[in-house]
Amino acid sequence: MAKTKIPVYDIYSIIPGHTQQDLLMERLGPYVQKHQHLHSQHGHSFYHLVLFTKGAGTHTIDFTHFTVQPYQVYFMIPGQVHSWHFEGGVEGYLVHFSPAFFQSFLNDQQYLARFDFFKGDSEAAVLKIPAALRETIVQLFEHMLQELEKPRESGLDMIRTYLLQFFIQLERSTATGVRHNIPPQKQLLLNNFQQLINQHYNTIRLPKEYAELLYITPNHLNALCQDLLGKTAGEVIRDRVLLEAKRLLVNKELTITEIAWHLNFQDNSYFNRFFKKNTGLTPEAFRKQFSH
């Protein structure tokens, strides 16, 4: 399909002239002033987090709406889409980092997946920083900015350590810190399943086919998803197809028929039934919600 979907930015392209491929950090107020595209649905090829210290408005992540509040932090992983709608001025901090940013620093390539807010679940990716932790967290971000403003030896490694402190302290102090002690092999298997879905959701829809790719039984895959996500494997696959349908529907250049074709549905009516059954809306009605 020649027509593009929602725009997806990398760290280079989001700020003209930026030369650091793995990291971008700025104060939020000036960043928002420079980037009016934030009001339209867009995606990133990098990890993205925003800490608000002042401001109001709304933030939509993968079509889930949140009310912006001071000392709220938003996390996004590569591939998610979002948009901002601010009311008045905002203050805080913004950090973009590539998937490779921590891979050269940590032996565990799946380390970030241990944090619930980096799992791609919009509901788990928006957290309120407890009052007792706010001053400490702000100081961590100020230290990171200082490392960028006055570069010194091992500056990027120091920023990595500050970010890891932030992730761990936030996990410990919020509800996401109360979680199952998931064995690493289970988490790795789930991550592999989700990555396979991202690669093949257009062509592979049956849990048994993914189980074959993972060299496990369908029952094992289903039990894993029920245990860690509270969903069946089939529901995980369905939700990914549904999310992509929503992302495509926001692009008004694509017809409903083209979207059905892109998602490998047999015909337009089948796609309409699938979408309405799982959202309560027809594709056209969903699209109208984002027509303003």
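See above for the structure.
Residues numbered from 1 in each chain as written. Predicted model: local features only at pLDDT ≥ 70, side-chain atom pairs only at ≥ 80, totals over all residues. Heavy atoms only, no water.

J.: Go over the environment of valine 32 with me, naming the residues and quoting the values.
T.: Mapped onto the fold, valine 32 is located in helix H2 (residues 28-34). Distance in space between the C-alpha atoms of valine 32 and threonine 58 is 14 Å, their sequence separation being 26 residues. (Helix = DSSP H or I, 4+ residues; strand = E, 2+ residues; numbered from the N terminus.)

J.: I'd love a proper account of the nonpolar core, names of residues and values included.
T.: Phe193, Tyr210, Leu221, Leu263 and Phe271 are the most contacted members of the largest nonpolar core, which totals 38 residues. Of all elements in the fold, only helix H6 (184-200), helix H7 (207-214), helix H8 (218-229), helix H9 (233-249), helix H10 (256-262) and helix H11 (268-279) reach the threshold of two or more residues within this core. Take this core: its biggest share by element is 9 residues, from H9. Once you skip the residues sitting within four places of it in the chain, tyrosine 210 turns out to touch Phe193, Leu196, Ile197, His200, Tyr201, Ile204, Arg205, Leu221 and Ile237. With 36 residues, the next largest nonpolar core counts Tyr47, Val95, Ile137 and Ile159 among its residues. (Core = buried A, V, L, I, M, F, W, Y, C linked by side-chain atoms within 4.5 Å. Buried < 20%, exposed > 50% of the residue type's maximum accessible area, 1.4 Å probe, protein only. Contact = heavy atoms within 4.5 Å.)

J.: Lay out the packing of aromatic side chains with the relevant residues and their values.
T.: Within the structure shown, the criterion is met by 34 aromatic pairs. Residues phenylalanine 141 and phenylalanine 166 carry aromatic rings whose centres are separated by 5.0 Å and whose planes lie at 75° to one another, so their mutual orientation is edge-to-face. Pair noted here: phenylalanine 141 is in helix H4 (residues 131-149) and phenylalanine 166 is in helix H5 (residues 155-173), with a separation of 25 residues, a long-range link. Taken individually, phenylalanine 141 and phenylalanine 166 each receive the classification buried, so the pair is uniform in this respect. A cation over a ring is seen here: arginine 160 above phenylalanine 101, with NZ or CZ 4.3 Å from the ring centre. The ring of phenylalanine 265 carries arginine 205 above its face, with NZ or CZ at 5.1 Å from the centroid. (Phe/Tyr/Trp six-rings, centres within 6.5 Å; stacked < 30°, edge-to-face > 60°. Lys NZ or Arg CZ within 6 Å of the ring centre and 35° of its normal.)

J.: Tell me about the pattern of salt bridges, and name the residues and values.
T.: All chains considered together, the criterion is met by 11 salt bridges. Measuring nitrogen to oxygen at the nearest pair gives 3.0 Å for the salt bridge that ties aspartate 62 to arginine 247. Of the two residues, aspartate 62 is situated in the loop between strand E4 (47-61) and strand E5 (64-68) and arginine 247 in helix H9; the sequence distance between them amounts to 185 residues. According to the relative accessible area criterion, arginine 247 is buried, its value standing at 9%. (Salt bridge = Lys/Arg side-chain N within 4 Å of Asp/Glu carboxyl O.)

J.: Got a sec to walk through the side chain of arginine 160? Specific residues and values, please.
T.: In this structure, arginine 160 sits in helix H5. With residues near it in sequence (within four places) discarded, arginine 160 still touches Phe101, Phe102, Ser104 and Phe105.

J.: Got a sec to walk through the packing of H9 against H11? Specific residues and values, please.
T.: Each packed pair of helices is defined by two parameters, the angle between the axes and the distance between the axes. Running from N to C, H9 and H11 point in directions that differ by 105°, and their axes come no closer than 11 Å. With respect to H11, the element H9 is oriented roughly perpendicular. Of the residues in H11, those touching H9 at Arg238, Val241, Leu242, Ala245, Lys246 and Leu249 are Phe271, Phe274, Phe275, Asn278 and Thr279. Looking at the contact of H9 with H11, its residues break down into 7 nonpolar, 2 polar and 2 charged. (Axes fitted to C-alpha atoms, helices over the stretch in contact; angles between N-to-C directions. Parallel < 35°, antiparallel > 145°, perpendicular 65-115°, else oblique. Nonpolar A, V, L, I, M, F, W, Y, C, P; charged D, E, K, R; others polar.)

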